[in-house]
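Results of the structural survey
Chain by chain, the residues run as shown.
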Amino acid sequence: MSVSTAAADQSLCTPLPVLGRDVTVPLVTGGEVTYAALDYAASAPALQRVWDDVAAYAPYYGSVHRGAGYLSQLSTDLFENARGTVAEFLGCRAGDQVVFTRSTTDSLNLLARAIPAGCQVFVFETEHHASLLPWQHAHVTYLDAPRTPGQAVEILERALAGRDPYGPALVCVTGASNVTGELWPVRELAAAAHAHGARIVLDAAQLAPHHPVSVTDLDVDWIAFSGHKLYAPFGSGVLAGRADWLQAAEPYLAGGGASRKVTRREDGGVAVEWHESAARHEAGSPNVIGAYAIAAACKALTEAGWDTLVAREQHLIAKVRAGLAEVPEVRVLSLFGDDAPRVGVLSFVVDGWNSSHFAAALSAEYGIGVRDGLFCAHPLVRTLLGTDPGTQGECGAPEAAPGEKSLNAIRVSFGAGTPDEHVDRFVNAVRELVRDGAKWQYRTEEGRCVPAV
(Lines give C-alpha, C1' and ligand atoms only; values in the text may rest on other atoms or scores of the structure.)
Protein backbone atom coordinates (compact mmCIF):
# COMPACT_ATOMS: atom_id res chain seq x y z
CA MET A 1 0.00 0.00 0.00
CA SER A 2 1.36 3.45 -0.92
CA VAL A 3 1.81 6.17 1.69
CA SER A 4 -0.93 8.28 0.07
CA THR A 5 -3.39 5.36 0.05
CA ALA A 6 -2.63 4.56 3.68
CA ALA A 7 -3.19 8.20 4.61
CA ALA A 8 -6.52 8.23 2.76
CA ASP A 9 -7.64 5.06 4.53
CA GLN A 10 -6.66 6.56 7.88
CA SER A 11 -8.65 9.72 7.10
CA LEU A 12 -11.65 7.62 6.11
CA CYS A 13 -11.64 5.85 9.47
CA THR A 14 -11.33 8.95 11.66
CA PRO A 15 -14.62 10.02 13.26
CA LEU A 16 -15.39 13.65 14.01
CA PRO A 17 -14.92 14.50 17.71
CA VAL A 18 -18.21 14.44 19.62
CA LEU A 19 -19.16 14.93 23.24
CA GLY A 20 -19.52 11.74 25.26
CA ARG A 21 -17.01 9.72 23.27
CA ASP A 22 -15.14 8.79 26.47
CA VAL A 23 -18.13 8.28 28.77
CA THR A 24 -18.11 4.94 30.59
CA VAL A 25 -21.21 3.11 31.78
CA PRO A 26 -21.67 0.21 34.22
CA LEU A 27 -22.49 -3.29 33.00
CA VAL A 28 -25.00 -5.42 34.85
CA THR A 29 -22.48 -8.27 34.71
CA GLY A 30 -19.84 -6.15 36.45
CA GLY A 31 -17.29 -3.56 35.45
CA GLU A 32 -17.59 -0.61 33.10
CA VAL A 33 -17.16 -0.02 29.39
CA THR A 34 -16.98 2.98 27.09
CA TYR A 35 -20.52 3.75 25.97
CA ALA A 36 -21.29 2.96 22.33
CA ALA A 37 -23.90 5.53 21.27
CA LEU A 38 -25.69 3.94 18.32
CA ASP A 39 -28.96 5.86 18.48
CA TYR A 40 -28.02 8.81 16.28
CA ALA A 41 -31.37 8.70 14.47
CA ALA A 42 -33.08 9.78 17.69
CA SER A 43 -30.52 12.40 18.77
CA ALA A 44 -26.92 12.70 17.66
CA PRO A 45 -24.26 13.77 20.16
CA ALA A 46 -23.00 17.33 19.90
CA LEU A 47 -19.93 17.83 17.78
CA GLN A 48 -17.04 19.05 19.91
CA ARG A 49 -16.72 21.96 17.46
CA VAL A 50 -20.35 22.95 18.11
CA TRP A 51 -19.90 22.75 21.87
CA ASP A 52 -16.73 24.83 21.72
CA ASP A 53 -18.37 27.49 19.58
CA VAL A 54 -21.39 27.70 21.88
CA ALA A 55 -19.19 27.84 24.98
CA ALA A 56 -17.13 30.68 23.44
CA TYR A 57 -20.30 32.66 22.69
CA ALA A 58 -22.17 31.95 25.94
CA PRO A 59 -20.60 34.81 28.01
CA TYR A 60 -21.74 37.25 25.31
CA TYR A 61 -25.32 35.99 25.16
CA GLY A 62 -27.97 38.70 25.10
CA SER A 63 -31.47 39.45 23.88
CA VAL A 64 -31.86 39.86 20.13
CA HIS A 65 -33.42 42.43 17.79
CA ARG A 66 -34.63 44.92 20.39
CA GLY A 67 -31.62 45.59 22.61
CA ALA A 68 -29.41 48.68 22.29
CA GLY A 69 -26.58 47.21 24.35
CA TYR A 70 -23.43 45.71 22.88
CA LEU A 71 -24.27 42.11 23.85
CA SER A 72 -27.75 42.42 22.37
CA GLN A 73 -26.34 43.77 19.14
CA LEU A 74 -23.69 41.02 19.05
CA SER A 75 -26.31 38.34 19.70
CA THR A 76 -28.55 39.78 16.99
CA ASP A 77 -25.70 39.66 14.49
CA LEU A 78 -24.90 36.06 15.47
CA PHE A 79 -28.55 35.04 15.21
CA GLU A 80 -29.08 36.60 11.79
CA ASN A 81 -25.71 35.38 10.52
CA ALA A 82 -26.77 31.89 11.62
CA ARG A 83 -29.81 32.27 9.38
CA GLY A 84 -27.51 33.10 6.49
CA THR A 85 -25.23 30.15 7.23
CA VAL A 86 -28.19 27.76 7.22
CA ALA A 87 -29.48 29.24 3.97
CA GLU A 88 -26.07 28.64 2.37
CA PHE A 89 -25.88 25.11 3.84
CA LEU A 90 -29.26 24.31 2.27
CA GLY A 91 -28.56 25.97 -1.07
CA CYS A 92 -31.55 28.26 -0.68
CA ARG A 93 -32.78 30.40 -3.56
CA ALA A 94 -32.93 34.18 -3.54
CA GLY A 95 -36.10 35.15 -1.71
CA ASP A 96 -36.34 31.94 0.34
CA GLN A 97 -36.89 32.32 4.07
CA VAL A 98 -35.14 30.45 6.90
CA VAL A 99 -37.39 30.19 9.94
CA PHE A 100 -35.95 28.90 13.20
CA THR A 101 -38.29 26.50 15.00
CA ARG A 102 -38.01 23.97 17.82
CA SER A 103 -37.65 20.84 15.65
CA THR A 104 -38.67 19.12 12.43
CA THR A 105 -42.06 18.42 14.02
CA ASP A 106 -42.48 22.10 14.83
CA SER A 107 -41.39 23.10 11.32
CA LEU A 108 -43.91 20.86 9.59
CA ASN A 109 -46.71 21.91 11.92
CA LEU A 110 -45.84 25.53 11.12
CA LEU A 111 -46.11 24.80 7.40
CA ALA A 112 -49.37 22.92 7.97
CA ARG A 113 -50.76 26.08 9.57
CA ALA A 114 -49.56 28.16 6.61
CA ILE A 115 -50.97 26.17 3.67
CA PRO A 116 -53.72 27.95 1.74
CA ALA A 117 -57.37 27.13 2.31
CA GLY A 118 -58.48 24.12 0.30
CA CYS A 119 -54.94 22.81 -0.11
CA GLN A 120 -54.69 19.12 -0.95
CA VAL A 121 -51.88 17.32 0.85
CA PHE A 122 -50.30 14.06 -0.32
CA VAL A 123 -48.14 12.04 2.07
CA PHE A 124 -46.90 8.45 2.05
CA GLU A 125 -47.89 6.20 4.94
CA THR A 126 -44.18 5.47 5.36
CA GLU A 127 -43.47 8.88 6.91
CA HIS A 128 -42.37 9.62 10.46
CA HIS A 129 -45.31 10.88 12.50
CA ALA A 130 -43.78 14.38 12.38
CA SER A 131 -44.57 14.53 8.66
CA LEU A 132 -47.52 12.12 8.66
CA LEU A 133 -49.79 13.81 11.19
CA PRO A 134 -49.66 17.65 10.97
CA TRP A 135 -52.09 17.77 8.01
CA GLN A 136 -55.17 16.58 9.89
CA HIS A 137 -57.11 19.78 9.17
CA ALA A 138 -56.36 19.72 5.43
CA HIS A 139 -57.72 17.55 2.65
CA VAL A 140 -55.06 14.86 2.99
CA THR A 141 -54.46 11.76 0.87
CA TYR A 142 -52.32 9.03 2.43
CA LEU A 143 -50.39 7.03 -0.14
CA ASP A 144 -49.55 3.34 0.18
CA ALA A 145 -46.01 2.22 0.92
CA PRO A 146 -44.02 1.76 -2.31
CA ARG A 147 -41.62 -1.14 -2.76
CA THR A 148 -39.21 0.57 -5.15
CA PRO A 149 -38.17 4.20 -5.65
CA GLY A 150 -39.72 4.09 -9.11
CA GLN A 151 -42.99 2.85 -7.66
CA ALA A 152 -42.99 5.78 -5.22
CA VAL A 153 -42.92 8.19 -8.16
CA GLU A 154 -45.64 6.24 -9.98
CA ILE A 155 -47.93 6.20 -6.92
CA LEU A 156 -47.52 9.93 -6.45
CA GLU A 157 -48.12 10.71 -10.11
CA ARG A 158 -51.35 8.68 -10.14
CA ALA A 159 -52.59 10.43 -7.01
CA LEU A 160 -51.73 13.89 -8.33
CA ALA A 161 -53.36 13.17 -11.68
CA GLY A 162 -56.68 12.72 -9.91
CA ARG A 163 -56.55 15.91 -7.85
CA ASP A 164 -58.37 19.20 -8.39
CA PRO A 165 -56.05 20.83 -10.93
CA TYR A 166 -57.01 24.38 -9.94
CA GLY A 167 -56.45 24.30 -6.21
CA PRO A 168 -53.19 24.41 -4.23
CA ALA A 169 -51.49 21.10 -3.43
CA LEU A 170 -48.55 20.00 -1.31
CA VAL A 171 -46.52 16.78 -1.24
CA CYS A 172 -44.65 15.86 1.95
CA VAL A 173 -41.88 13.30 1.70
CA THR A 174 -38.89 12.11 3.68
CA GLY A 175 -35.35 12.25 2.33
CA ALA A 176 -34.12 9.20 4.25
CA SER A 177 -36.29 6.83 6.28
CA ASN A 178 -35.86 6.97 10.05
CA VAL A 179 -36.65 3.23 10.10
CA THR A 180 -34.72 1.70 7.21
CA GLY A 181 -32.29 4.51 6.39
CA GLU A 182 -33.18 4.13 2.71
CA LEU A 183 -32.85 7.17 0.47
CA TRP A 184 -36.01 8.34 -1.28
CA PRO A 185 -36.07 9.65 -4.88
CA VAL A 186 -36.60 13.25 -3.79
CA ARG A 187 -35.60 14.92 -7.05
CA GLU A 188 -37.91 12.67 -9.08
CA LEU A 189 -40.79 13.18 -6.62
CA ALA A 190 -40.27 16.93 -6.78
CA ALA A 191 -40.41 16.80 -10.57
CA ALA A 192 -43.66 14.82 -10.42
CA ALA A 193 -45.16 17.26 -7.92
CA HIS A 194 -44.27 20.32 -9.97
CA ALA A 195 -45.47 18.72 -13.21
CA HIS A 196 -48.92 18.50 -11.63
CA GLY A 197 -48.87 22.00 -10.14
CA ALA A 198 -48.11 20.89 -6.59
CA ARG A 199 -45.42 22.00 -4.17
CA ILE A 200 -43.23 19.71 -2.09
CA VAL A 201 -41.72 19.84 1.38
CA LEU A 202 -38.79 17.62 2.28
CA ASP A 203 -38.44 16.13 5.76
CA ALA A 204 -34.65 16.12 5.91
CA ALA A 205 -34.33 15.16 9.59
CA GLN A 206 -32.49 11.94 8.71
CA LEU A 207 -30.94 13.15 5.46
CA ALA A 208 -29.25 16.41 6.41
CA PRO A 209 -26.85 14.86 8.97
CA HIS A 210 -25.62 12.30 6.42
CA HIS A 211 -25.71 13.88 2.95
CA PRO A 212 -25.55 17.35 1.43
CA VAL A 213 -29.07 18.74 1.04
CA SER A 214 -29.89 21.56 -1.38
CA VAL A 215 -33.23 23.24 -1.98
CA THR A 216 -31.98 24.23 -5.42
CA ASP A 217 -30.43 20.92 -6.50
CA LEU A 218 -33.36 18.84 -5.29
CA ASP A 219 -35.85 21.44 -6.57
CA VAL A 220 -38.01 21.25 -3.46
CA ASP A 221 -40.10 24.11 -2.13
CA TRP A 222 -39.29 23.68 1.57
CA ILE A 223 -36.88 21.73 3.74
CA ALA A 224 -37.40 20.92 7.42
CA PHE A 225 -34.81 19.47 9.80
CA SER A 226 -33.79 19.35 13.47
CA GLY A 227 -30.62 20.54 15.15
CA HIS A 228 -30.54 17.64 17.59
CA LYS A 229 -30.04 15.19 14.71
CA LEU A 230 -27.44 17.46 13.08
CA TYR A 231 -25.01 17.27 16.04
CA ALA A 232 -26.46 20.45 17.60
CA PRO A 233 -28.78 19.22 20.39
CA PHE A 234 -29.91 22.60 21.72
CA GLY A 235 -33.64 22.51 20.96
CA SER A 236 -33.79 24.21 17.58
CA GLY A 237 -34.96 23.34 14.09
CA VAL A 238 -35.39 24.90 10.67
CA LEU A 239 -38.06 25.42 8.04
CA ALA A 240 -36.49 26.89 4.91
CA GLY A 241 -38.02 27.63 1.55
CA ARG A 242 -40.54 29.71 -0.36
CA ALA A 243 -41.78 32.82 1.41
CA ASP A 244 -45.20 33.44 -0.17
CA TRP A 245 -47.32 30.95 1.79
CA LEU A 246 -45.50 31.86 5.00
CA GLN A 247 -46.02 35.59 4.45
CA ALA A 248 -49.70 35.14 3.64
CA ALA A 249 -50.46 32.99 6.69
CA GLU A 250 -51.33 34.20 10.16
CA PRO A 251 -48.32 33.94 12.48
CA TYR A 252 -47.69 30.49 13.89
CA LEU A 253 -47.53 32.12 17.34
CA ALA A 254 -48.85 35.58 18.20
CA GLY A 255 -46.64 37.82 20.28
CA GLY A 256 -43.61 40.04 20.42
CA GLY A 257 -41.15 39.71 17.59
CA ALA A 258 -43.80 38.59 15.10
CA SER A 259 -45.55 41.96 15.23
CA ARG A 260 -44.20 45.05 13.46
CA LYS A 261 -46.86 47.50 14.68
CA VAL A 262 -49.66 47.25 17.24
CA THR A 263 -52.23 50.00 17.78
CA ARG A 264 -55.55 50.46 19.51
CA ARG A 265 -58.57 50.74 17.25
CA GLU A 266 -61.38 53.21 17.75
CA ASP A 267 -63.70 50.36 18.71
CA GLY A 268 -61.38 49.51 21.60
CA GLY A 269 -59.76 46.51 19.96
CA VAL A 270 -56.17 46.00 18.83
CA ALA A 271 -54.87 46.25 15.27
CA VAL A 272 -51.73 44.33 14.39
CA GLU A 273 -49.36 44.63 11.47
CA TRP A 274 -47.25 41.48 11.25
CA HIS A 275 -43.73 41.13 9.91
CA GLU A 276 -43.35 39.66 6.44
CA SER A 277 -39.87 38.31 7.19
CA ALA A 278 -39.07 35.03 8.96
CA ALA A 279 -39.72 36.88 12.23
CA ARG A 280 -43.45 36.58 11.43
CA HIS A 281 -43.31 32.97 12.68
CA GLU A 282 -40.68 33.43 15.41
CA ALA A 283 -42.71 35.16 18.13
CA GLY A 284 -41.15 35.42 21.58
CA SER A 285 -37.50 35.36 22.54
CA PRO A 286 -35.81 33.03 20.06
CA ASN A 287 -33.49 30.18 20.91
CA VAL A 288 -30.30 32.04 20.00
CA ILE A 289 -28.05 29.28 21.34
CA GLY A 290 -29.94 26.68 19.32
CA ALA A 291 -29.76 28.68 16.10
CA TYR A 292 -26.07 29.43 16.60
CA ALA A 293 -25.40 25.74 17.31
CA ILE A 294 -27.13 24.67 14.09
CA ALA A 295 -25.03 27.16 12.13
CA ALA A 296 -21.87 25.85 13.83
CA ALA A 297 -22.83 22.29 12.88
CA CYS A 298 -23.50 23.34 9.27
CA LYS A 299 -20.03 24.90 9.09
CA ALA A 300 -18.34 21.92 10.74
CA LEU A 301 -19.91 19.36 8.40
CA THR A 302 -19.19 21.46 5.33
CA GLU A 303 -15.56 21.98 6.33
CA ALA A 304 -15.11 18.28 7.12
CA GLY A 305 -16.08 17.55 3.50
CA TRP A 306 -19.18 15.64 2.46
CA ASP A 307 -17.26 13.26 0.21
CA THR A 308 -15.18 12.10 3.17
CA LEU A 309 -18.14 11.95 5.58
CA VAL A 310 -20.32 9.97 3.16
CA ALA A 311 -17.51 7.56 2.27
CA ARG A 312 -16.75 6.90 5.91
CA GLU A 313 -20.39 6.30 6.74
CA GLN A 314 -20.76 3.88 3.84
CA HIS A 315 -17.76 2.03 5.27
CA LEU A 316 -19.60 1.68 8.59
CA ILE A 317 -22.86 0.68 6.90
CA ALA A 318 -21.04 -2.07 5.00
CA LYS A 319 -19.56 -3.36 8.27
CA VAL A 320 -22.93 -3.51 10.00
CA ARG A 321 -24.73 -5.11 7.07
CA ALA A 322 -22.01 -7.69 6.55
CA GLY A 323 -21.98 -8.54 10.25
CA LEU A 324 -25.75 -8.90 10.52
CA ALA A 325 -25.86 -10.96 7.30
CA GLU A 326 -23.70 -13.58 9.05
CA VAL A 327 -26.44 -14.16 11.67
CA PRO A 328 -29.28 -16.14 10.02
CA GLU A 329 -31.71 -15.26 12.82
CA VAL A 330 -31.47 -11.54 12.00
CA ARG A 331 -33.81 -9.97 9.43
CA VAL A 332 -33.01 -6.42 8.34
CA LEU A 333 -36.11 -4.42 7.42
CA SER A 334 -36.27 -2.79 4.00
CA LEU A 335 -38.79 -1.26 1.63
CA PHE A 336 -36.61 -1.01 -1.44
CA GLY A 337 -34.40 -4.08 -1.08
CA ASP A 338 -30.86 -4.85 0.04
CA ASP A 339 -29.22 -2.88 -2.75
CA ALA A 340 -31.04 0.37 -1.98
CA PRO A 341 -28.73 3.27 -1.04
CA ARG A 342 -29.11 4.32 2.57
CA VAL A 343 -27.74 6.39 5.41
CA GLY A 344 -26.48 4.99 8.71
CA VAL A 345 -29.86 3.80 9.99
CA LEU A 346 -30.87 0.10 10.00
CA SER A 347 -33.74 -1.66 11.73
CA PHE A 348 -34.00 -5.39 12.26
CA VAL A 349 -35.70 -8.17 14.19
CA VAL A 350 -34.19 -11.33 15.64
CA ASP A 351 -36.00 -14.67 15.46
CA GLY A 352 -36.85 -15.95 18.92
CA TRP A 353 -36.27 -12.60 20.61
CA ASN A 354 -38.53 -9.85 21.82
CA SER A 355 -36.94 -6.71 20.36
CA SER A 356 -37.17 -4.75 23.62
CA HIS A 357 -35.46 -7.60 25.46
CA PHE A 358 -32.69 -7.70 22.87
CA ALA A 359 -32.12 -3.93 23.06
CA ALA A 360 -32.07 -4.05 26.87
CA ALA A 361 -29.43 -6.79 26.81
CA LEU A 362 -27.28 -4.80 24.39
CA SER A 363 -27.34 -1.92 26.83
CA ALA A 364 -27.02 -3.72 30.15
CA GLU A 365 -24.47 -6.36 29.12
CA TYR A 366 -22.47 -4.57 26.40
CA GLY A 367 -22.88 -0.83 27.01
CA ILE A 368 -24.45 -0.32 23.58
CA GLY A 369 -27.28 2.15 23.14
CA VAL A 370 -29.78 1.37 20.37
CA ARG A 371 -33.53 1.92 20.11
CA ASP A 372 -36.45 -0.48 20.03
CA GLY A 373 -40.09 0.06 19.20
CA LEU A 374 -42.03 1.49 16.29
CA PHE A 375 -39.86 4.61 15.98
CA CYS A 376 -42.80 7.04 15.65
CA ALA A 377 -43.48 5.51 12.24
CA HIS A 378 -46.16 2.99 13.18
CA PRO A 379 -47.72 2.33 9.74
CA LEU A 380 -44.30 1.80 8.15
CA VAL A 381 -42.92 -0.54 10.82
CA ARG A 382 -46.09 -2.59 10.87
CA THR A 383 -46.00 -2.86 7.09
CA LEU A 384 -42.41 -4.10 7.28
CA LEU A 385 -43.18 -6.52 10.12
CA GLY A 386 -46.45 -7.70 8.64
CA THR A 387 -48.36 -7.07 11.87
CA ASP A 388 -51.99 -6.08 12.35
CA PRO A 389 -52.33 -2.32 11.76
CA GLY A 390 -54.88 -2.19 14.58
CA THR A 391 -52.44 -3.43 17.19
CA GLN A 392 -51.76 -0.86 19.87
CA GLY A 393 -48.28 0.47 20.54
CA GLU A 394 -46.33 3.54 21.56
CA CYS A 395 -43.20 5.16 20.15
CA GLY A 396 -40.26 3.24 21.54
CA ALA A 397 -42.32 1.32 24.10
CA PRO A 398 -42.23 -2.49 24.29
CA GLU A 399 -45.41 -4.36 23.52
CA ALA A 400 -44.42 -7.68 25.01
CA ALA A 401 -42.46 -9.03 27.94
CA PRO A 402 -39.10 -10.81 27.49
CA GLY A 403 -39.66 -14.13 25.75
CA GLU A 404 -43.04 -13.13 24.32
CA LYS A 405 -43.75 -12.38 20.68
CA SER A 406 -42.30 -9.00 19.69
CA LEU A 407 -44.30 -6.45 17.73
CA ASN A 408 -41.36 -4.05 17.66
CA ALA A 409 -38.05 -3.75 15.85
CA ILE A 410 -34.52 -2.80 16.88
CA ARG A 411 -32.81 0.21 15.30
CA VAL A 412 -29.08 0.86 15.14
CA SER A 413 -27.96 4.25 13.85
CA PHE A 414 -24.65 6.04 13.61
CA GLY A 415 -22.90 8.91 11.90
CA ALA A 416 -19.91 11.21 11.69
CA GLY A 417 -18.86 10.66 15.31
CA THR A 418 -19.07 6.87 15.39
CA PRO A 419 -15.76 5.01 15.74
CA ASP A 420 -15.25 1.62 14.10
CA GLU A 421 -14.90 0.02 17.53
CA HIS A 422 -18.53 0.80 18.39
CA VAL A 423 -19.78 -0.83 15.21
CA ASP A 424 -17.52 -3.85 15.72
CA ARG A 425 -18.70 -4.25 19.30
CA PHE A 426 -22.32 -4.05 18.20
CA VAL A 427 -21.91 -6.75 15.55
CA ASN A 428 -20.08 -9.03 18.00
CA ALA A 429 -22.73 -8.44 20.66
CA VAL A 430 -25.54 -9.39 18.28
CA ARG A 431 -23.68 -12.55 17.34
CA GLU A 432 -23.07 -13.51 20.98
CA LEU A 433 -26.61 -12.80 22.16
CA VAL A 434 -28.13 -14.88 19.38
CA ARG A 435 -25.67 -17.71 19.95
CA ASP A 436 -25.45 -17.77 23.75
CA GLY A 437 -28.52 -15.91 24.98
CA ALA A 438 -28.62 -13.13 27.56
CA LYS A 439 -26.45 -13.49 30.65
CA TRP A 440 -29.02 -11.76 32.85
CA GLN A 441 -32.70 -11.99 33.64
CA TYR A 442 -34.98 -9.15 32.49
CA ARG A 443 -38.46 -7.94 33.35
CA THR A 444 -40.90 -5.29 32.15
CA GLU A 445 -41.13 -2.24 34.40
CA GLU A 446 -43.27 0.79 33.59
CA GLY A 447 -43.31 -0.08 29.92
CA ARG A 448 -39.59 -0.76 29.60
CA CYS A 449 -37.59 -3.96 29.57
CA VAL A 450 -34.98 -3.70 32.35
CA PRO A 451 -32.53 -6.03 34.12
CA ALA A 452 -34.11 -7.87 37.03
CA VAL A 453 -32.48 -6.86 40.31
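Residues numbered from 1 in each chain as written. Predicted model: local features only at pLDDT ≥ 70, side-chain atom pairs only at ≥ 80, totals over all residues. Heavy atoms only, no water.

**Notes on the layout of surface pockets**
Note the following rule: The method works on a 1 Å grid over the protein atoms by themselves. A cavity is a set of points holding a 1.4 Å probe that cannot get out, a pocket is an open set with protein on both sides within 12 Å along at least five of seven lines, and residues with an atom within 4 Å of a point line them. Grid points are joined across faces, edges and corners, and a volume is the space filled by probe spheres set on the points. Ten residue types, Ala, Val, Leu, Ile, Met, Phe, Trp, Tyr, Cys and Pro, are classed as nonpolar, four, Asp, Glu, Lys and Arg, as charged, and the remainder, Gly among them, as polar.
For the largest pocket, the calculated volume is near 330 Å³. Lining the largest pocket are 25 residues, and of these Ala41, His128, Asn178, Gln206 and Lys229 sit closest to its centre. A per-class count over the lining of the largest pocket returns eight nonpolar, twelve polar and five charged.

**Some points on the environment of arginine 158**
Inclusion rule: Secondary structure counts use DSSP, requiring at least four H or I residues in a row for a helix and at least two E residues in a row for a strand, with both numbered from the N terminus.
Mapped onto the elements of the fold, arginine 158 is located in helix 6 (residues 149-161). C-alpha of arginine 158 to C-alpha of serine 259: the two residues are 101 residues apart in sequence and 42 Å apart in space.

**A few points about the packing of aromatic side chains**
Inclusion rule: Each aromatic pair joins two rings of Phe, Tyr and Trp (for Trp, the six-membered one) with centres within 6.5 Å, and gets the label stacked for planes under 30 degrees apart, edge-to-face for over 60, and tilted for any other angle. Note on exposure labels: buried denotes an accessible area under 20% of the residue type's maximum, exposed denotes more than 50%, and partly exposed covers the range between, all computed with a 1.4 Å probe on protein chains only.
Applying the stated criterion to the full structure yields twelve aromatic pairs. Aromatic side chains tryptophan 222 and tryptophan 245 sit 5.2 Å apart centroid to centroid with 35 degrees between the ring planes, which places their arrangement in the tilted category. With a gap of 23 residues between them, tryptophan 222 in strand 9 (residues 222-226) and tryptophan 245 in helix 9 (residues 244-248) connect regions that are remote in the sequence. Look at tryptophan 222 and you get buried, because its relative accessible area is 0%. Accessibility expressed as a relative area gives 11% for tryptophan 245, which makes it buried. Put simply, the rings of Phe348, Trp353, Phe358 and Phe426 pair up and form one aromatic cluster.

**Here's the deal with the sheet that holds strand 16 (residues 371-373)**
Basically, it comes down to this: Strands are labelled as partners when DSSP assigns at least two bridges between them. Fitting a line to C-alpha atoms yields each axis, with helices limited to the stretch in contact; the angle taken between N-to-C directions then spans 0 to 180 degrees.
Strand order in the open sheet formed by four strands is 13-14-17-16, and the pairing between neighbours is antiparallel. Looking at the sheet topology across the chains shown, the edges are occupied by strand 13 (330-332) and strand 16. Each strand of the sheet is rotated relative to its neighbour by a mean of 30 degrees, with strand direction disregarded.

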